Amino acid sequence: MIPPSRAPGAATDLTGDGDVAGKPWWLRAALASGRRWPTWLALACAAISLADVGDGLEYLILFVLPATGYLFLAVVDRPRITWVVAIAAMSTVVVLRTLDIDPWPALAVVVIVLAAVGLLNGPLRRPRLYALQSPGAFAFMAFGLVALSVPATVAGYLVAIGLLGHAAWDALHWRANKIVTRSFAEWCGVLDLVLGVGLLVLLLLR
């Protein structure tokens, strides 16, 4: 006989404290809400950012840098270090900007080198999501450069489109549960989506 807690379709307590169904509703709600911490963090970050948004170009790095990070993680094939890579990449950009150094040339070189290494060593020759990493990184990089080359009145809308495009890219990785951790894909996807929609609304209202 299969124990009730092991029966097919039974709710499972991921905390290891027993059966979720046996807990009070408020505790079940708190546990379910706690698992969505990347979403709550992304919403908080987006709210703070949108409260002081400029022409939108400040968000350009938010879909170019993660695309480069996804490419790196596909090459090394270590999803567990996703957050470490993300924090290191964002910190590097902050330092470069503090030193008044344009991060774009460095990002372009990194994308080219990673694509070459990944194709030579094999990870980027895998089918499906792995094979899409190199074209995806180049596409987001090219889109970012286009946004930088057009008038500011148009660039903001392009940045919003880029953010929404990367939100879809995040969703694809979240569903596949590959390349990056699901928590990062969820955080990045919600952040991109909210910032993209929010930026579009603010630009249209100005």
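Above this note sits the structure.
Residues numbered from 1 in each chain as written. Predicted model: local features only at pLDDT ≥ 70, side-chain atom pairs only at ≥ 80, totals over all residues. Heavy atoms only, no water.

1. Here we look at the overall build of the chain
Now for step 1: When you go through the chain residue by residue, the secondary structure sums to 8 helices and 0 strands.
Now for step 2: The order of helices and strands in the chain, counted from the N terminus, is α-α-α-α-α-α-α-α.
Now for step 3: At a minimum sequence separation of 6, the contacts of the chain that also span at least 24 residues come to 73%.
Now for step 4: Roughly 11,600 Å² of accessible area belongs to the chain as shown, and the carbon and sulfur atoms make up 70% of that amount. (Helix = DSSP H or I, 4+ residues; strand = E, 2+ residues; numbered from the N terminus. Contact = heavy atoms within 4.5 Å. Areas by Shrake-Rupley, 256 points an atom, 1.4 Å probe, with all protein chains shown as cover.)

2. Re the nonpolar core
Side chains of a nonpolar character, in soluble globular proteins, are inclined to be buried together.
Now for step 1: Core analysis: the biggest nonpolar cluster contains 46 residues, and Tyr59 and Val159 have the highest contact counts within it.
Now for step 2: For this core, the secondary structure elements donating two or more residues are α2 (37-50), α3 (61-76), α4 (82-98), α5 (103-121), α6 (129-149), α7 (152-176) and α8 (182-205).
Now for step 3: Top contributing element to this core by residue count: α3, with 10 residues.
Now for step 4: Discounting chain neighbours no more than four positions away, the residues touching Tyr59 are Ser49, Leu50, Val53, Val159, Leu163, Leu195 and Leu199. (Core = buried A, V, L, I, M, F, W, Y, C linked by side-chain atoms within 4.5 Å. Buried < 20%, exposed > 50% of the residue type's maximum accessible area, 1.4 Å probe, protein only.)

3. Points about the side chain of Glu186
Now for step 1: For Glu186, the location among the structural elements is in helix α8.
Now for step 2: Since its relative accessible area comes to 10%, Glu186 is described here as buried.
Now for step 3: Excluding its chain neighbours within four sequence positions, the residues that come into contact with Glu186 are Arg36, Pro38, Thr39 and Trp174.

4. Considering the packing of α7 against α8
Now for step 1: At a closest axis distance of 8 Å, the pairing of α7 and α8 adopts a crossing angle of 155°. It follows that α7 is roughly antiparallel to α8 by the angle criterion. Seen along the crossing, α7 lies across α8 with a hand that is left-handed.
Now for step 2: Per-class residue counts for the contact of α7 with α8 are 16 nonpolar, 5 polar and 5 charged. (Axes fitted to C-alpha atoms, helices over the stretch in contact; angles between N-to-C directions. Parallel < 35°, antiparallel > 145°, perpendicular 65-115°, else oblique. Left-handed = near helix turned anticlockwise from the far one by under 90°. Nonpolar A, V, L, I, M, F, W, Y, C, P; charged D, E, K, R; others polar.)

5. A word on the packing of aromatic side chains
Now for step 1: For the structure shown, the criterion picks out 8 aromatic pairs.
Now for step 2: Taking 6.1 Å as the distance between ring centres and 55° as the angle between the ring planes, the aromatic pair formed by Phe63 and Phe140 counts as tilted. Note that Phe63 is positioned in helix α3 and Phe140 in helix α6, a separation of 77 residues in sequence.
Now for step 3: Here the aromatic rings of Trp83 and Trp187 are separated by 5.6 Å at their centres, their planes lie at 55°, and the arrangement is tilted. Of this pair, Trp83 sits in helix α4 while Trp187 sits in helix α8; the two residues are 104 residues apart in sequence, bridging distant segments of the chain.
Now for step 4: For Trp83, a relative accessible area of 24% gives the class partly exposed. (Phe/Tyr/Trp six-rings, centres within 6.5 Å; stacked < 30°, edge-to-face > 60°.)

Without other data, these values stay purely geometric and don't point to any function.
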